[in-house]
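# Reading the structure
This is what each chain is made of:
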Amino acid sequence: MNRWSAQSISGRLTALVLLVSGIALLLAYISFLAYDFYTLRHNLRESLETQANIIGMNCEAALLFDDQSAAETTLSALRGAPAVLSAEIYRVDGRPFASYTRGPAGYQTIAPRLAKGQESGFWIQNGAVLLGQTIRSDGKVIGSVYILDETGELARRAREFGLLSACILLVCFAIALMATSAMRGVIIRPLENLAETARVVSRQRDYSVRAEIPRRRDELAFLVQSFNEMLDEIEKGRAVLEQKVAERTAELSAANRELEAFSYTVAHDLRGPLQQVSNIGYLLQSVGAAGRPDQEKDLLDKLVSAINRMSTLIENLLNLSRASSIPLQLKPVDLSAMAKVILDGLVQGDGRQVECVIAKDCVAVADEGLITVVLDNLLRNAWKYSSRRSRARIEFGCRDEGEETVFFIRDNGAGFDSAYAARLFHPFQRLHSQAEFPGTGVGLATVHRIVARHGGRVWATGVVDQGAEFSFTLPQSRSATNDN
């Protein structure tokens, strides 16, 4: 069954036609042989019956007058029929009256077989045929005659007819094979052409090709024509879709460039006034600080803190803008060494005792500047959210999962509910309040955008009060790791 289903339509149609033709020709051959055998047997019986009638009429007087020599003389005329082996005439009481045997006496023996009231009979006896028939005179049975005839001639004629029929069968089968080949050209070739066209469309996405329409107007021509019309509609729709995509892409690119220019301009324009406000704040804090009331001191502290937050937010927005606009300069980057530098800087700046675990030889193909922003944001988050742990632990490493390398940063800090993990990578979406852990809500959005530009993925898992793990992939990292 599997071999049949694996064949092409051409092979299956050829096999089916040959099978049907072969069965039909074989049945016809068997039918002709059976009919010929029946005809030969019928003719043989008629010939023997004719001979028996002649012998019966010629032996009627001999039986009535008990003239045995006359009956034997009549039987001896059968020498002109070489197929007759022997003949026998019996009286009405079943006693032998006269006989004839070709060759030695007793070559074939004949025993009466006609039942009472039976006029004639035909039997097969030792490879020969036996005919028995009654002899009548004035409507009264006076005896019976039996003729034993050999079947050699019958077999010879059957063999000749069988060989002739077999030759005709082979000729007809060859004609059927040639007709099948011609039919393959008429039916199968358009199907093969249609299948090849469909294969080109499927594999090469070339919708400009067309299948050749057969000249005859039948169901197959209608199928090919409908397929070509479908390709016409797909090609027209594809052209319209490509045009719309190009227009939308151009509009989106223009909008992104305008948005980036606006963000960059706003951020730069804000820095100047903000720097002036910051300088005034610091100046007010330093001038007359000893005689200033506590309420004024608190207000100045809040002002300076807000200015710092605003400055950090502007810097993060600039990083987010750069993550989408600057061209990528891909090269192998040692993320393990980069993570160590960042964590060493955090330890020196804060002075906290944190267990830092950094896996060796974590190498990725990435833009060094942008991937530095990714690691800096993720490690600073881990540092910040593990700040309330007496024994804080931060781990950076990588692992192979299937066909890609996954880089991860894990901490045992405040953690979060994994059900809200997707919100983390949208700008200004935070899961902790500003009072708990200060921040701008832009860092993880920047991480997501940078990793996406590299063709990778970023995701986060966490448990409240048990820590979090941030993971990301860079598609070309495995080849770089293997080369090293």
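Quantities reported herein were computed from a predicted structural model and do not represent experimental measurements. Along every chain, residues carry numbers that run from 1 in the direction the sequence is written. For a predicted model such as this one, the threshold for reporting local features is a pLDDT of at least 70, and the threshold for listing and counting side-chain atom pairs is 80 or more; totals across whole chains, interfaces and linings nevertheless cover every residue. Only hydrogens and water are set aside; all other atoms, that is, all heavy atoms of the structure, feed into the side-chain values.

### Digging into the overall build of the chain
The test is simple: Here a helix means four or more residues in a row that DSSP labels H or I, a strand means two or more in a row labelled E, and each is numbered from the N terminus. The cut-offs for exposure are 20% and 50% of the maximum accessible area for each residue type, with area from a 1.4 Å probe on protein chains only; residues under the lower value are buried, those over the upper are exposed, and the others partly exposed. Contacts are assigned to residue pairs that have any heavy atoms within 4.5 Å of one another. Accessible areas in this description were obtained via Shrake-Rupley with a 1.4 Å probe; residue shielding takes into account the shown protein chains only.
Looking only at helices and strands, the chain has 11 helices and 12 strands in total. When each of the 484 residues of the chain is scored for burial, the buried share is 34%. Restricting the contact set of the chain to residue pairs at least 6 apart, pairs at least 24 apart contribute 63%. Carbon and sulfur atoms provide 57% of the accessible area of the chain, an area that totals close to 28,900 Å².

### Notes on the packing of aromatic side chains
To keep things clear, this is the line we draw: Geometry of aromatic contacts follows a simple scheme: Phe, Tyr and Trp rings, the Trp one being its six-membered ring, pair when their centres are within 6.5 Å, and the pair is stacked under 30 degrees between planes, edge-to-face over 60, tilted otherwise.
Within the structure shown, the criterion is met by three aromatic pairs. Measuring from ring centre to ring centre gives 5.7 Å for Tyr 90 and Tyr 146, while their planes differ by 85°; the resulting arrangement is edge-to-face. One end of the pair, Tyr 90, is in strand E1 (residues 84–91); the other, Tyr 146, is in strand E5 (residues 140–150), and 56 residues separate them in sequence. Judged by relative accessible area, which is 1%, Tyr 146 ranks as buried. Between Phe 416 and Phe 470 the ring centres are 6.2 Å apart and the planes differ by 45°, which places this aromatic pair in the tilted class. Of this pair, Phe 416 sits in the loop between strand E10 (404–411) and helix H10 (443–453) while Phe 470 sits in strand E12 (residues 467–473), and the two are 54 residues apart along the sequence. Both residues of the pair, Phe 416 and Phe 470, belong to the buried class.

### What to know about the packing of helix H9 (residues 368–385) against H10
Definition in use: Every axis corresponds to a line fitted to the C-alpha atoms, with the helix fit spanning only the stretch in contact, and the corresponding angles, defined between N-to-C directions, vary from 0 to 180 degrees. Left-handed describes a crossing whose near helix is turned anticlockwise from the far helix through less than a right angle; right-handed describes the clockwise counterpart. Three categories are distinguished: nonpolar for Ala, Val, Leu, Ile, Met, Phe, Trp, Tyr, Cys and Pro, charged for Asp, Glu, Lys and Arg, and polar for the others, with Gly belonging to the last.
Interaxial distance between H9 and H10 falls to 9 Å at its minimum, and their mutual angle equals 145°. Handedness of the H9/H10 crossing: left-handed. On H10, the residues that touch Leu 370, Val 373, Val 374, Asn 377, Leu 378 and Asn 381 of H9 are Gly 443, Leu 444, Thr 446, Val 447, Ile 450, Val 451 and Arg 453. Its residues placed into classes, the contact of H9 with H10 shows eight nonpolar, four polar and one charged.

### Focus on the nonpolar core
What counts here: Think of a nonpolar core as a cluster: buried Ala, Val, Leu, Ile, Met, Phe, Trp, Tyr and Cys residues, connected wherever their side-chain atoms sit within 4.5 Å.
Formed by 38 residues in total, the largest nonpolar core has its most connected members in Leu 335, Ile 371, Phe 470 and Phe 472. Mapped by element, the contributors of at least two residues to this core are helix H8 (335–350), strand E8 (363–367), H9, strand E9 (392–401), E10, H10, strand E11 (458–463) and E12. Sorting elements by how many residues they give to this core places H9 first, with eight residues. Beyond its immediate stretch of four places on either side in the chain, Leu 335 contacts Cys 362, Ala 364, Ile 371, Leu 375, Phe 396, Phe 407 and Phe 472.

### A word on a nonpolar patch on the surface
What counts here: Each patch is built from residues lacking any salt bridge and having more than 30% relative accessible area; the joining distance is 9 Å for like charges and 5 Å for nonpolar side chains (Val, Leu, Ile, Met, Phe, Trp, Tyr). Just to be clear on terms, a salt bridge is a Lys or Arg side-chain nitrogen sitting within 4 Å of an Asp or Glu carboxyl oxygen.
There is a patch of nonpolar side chains on the surface, built from Leu 19, Ile 23 and Leu 27 and spanning about 290 Å² of accessible area. Relative to the helices and strands, Ile 23 resides in helix H2 (residues 9–58).

### Here's the deal with the sheet that holds strand E7 (residues 354–358)
The criterion, for reference: Two strands pair under a simple rule: DSSP has to find at least two bridges between them.
Strand order in the open sheet formed by five strands is E7-E9-E10-E12-E11, with mixed pairing between adjacent strands. In the strand order of this sheet, the two ends are held by E7 and E11, each with one partner. Each adjacent strand pair in this sheet contributes to an overall mean axis angle of 15°, direction not counted. The pairing of E9 with E10 spans eight bridges and is antiparallel. Bridge pairing links Phe 396 to Ile 409 in E10. Packed onto the sheet, H8 meets E7, E9, E10 and E12 and runs at close to 165° relative to E7.

### So, the pairing of E12
Where burial is concerned, most of E12 is hidden: seven out of the seven residues are buried. Side chains Gly 467, Glu 469, Ser 471 and Thr 473 project from E12 onto one buried face, and the interleaved Ala 468, Phe 470 and Phe 472 project onto a second face that is buried too. Pairing analysis gives six bridges linking E10 to E12, with the strands arranged antiparallel. The residue of E12 that forms the bridge with Phe 408 is Ser 471. Alignment of E11 against E12, held across six bridges, turns out to be antiparallel. Looking across to E12, one finds that Val 463 is bridged to Gly 467. The turn linking E11 back onto E12 is made up of three residues, and Asp 465 within it adopts a positive phi angle of 65°.

### Here we look at the packing of H8 against H9
Test applied: Reported orientations rely on four angle classes, namely roughly parallel under 35 degrees, roughly antiparallel over 145, roughly perpendicular from 65 to 115, and oblique for the rest.
In the contact formed by H8 and H9, the axes pass within 10 Å of each other and the chain directions differ by 45°. In terms of their interaxial angle, H8 and H9 are classed as oblique. Our pair here, H8 against H9, has a crossing hand that is right-handed. In this structure, H8 contributes Leu 335, Met 338, Ala 339, Ile 342, Leu 343, Leu 346, Val 347 and Asp 350 to the contact, and H9 contributes Glu 368, Ile 371, Thr 372, Leu 375, Asp 376, Leu 379, Arg 380 and Trp 383.

### A word on the environment of Ala 174
Mapped onto the elements, Ala 174 comes out in helix H5 (residues 152–204). A residue is classified by how much of its surface remains accessible, and Ala 174, at 37% relative accessible area, is partly exposed. Along the backbone, Ala 174 and Leu 18 are 156 residues apart, and their C-alpha atoms lie at a distance of 9.8 Å.

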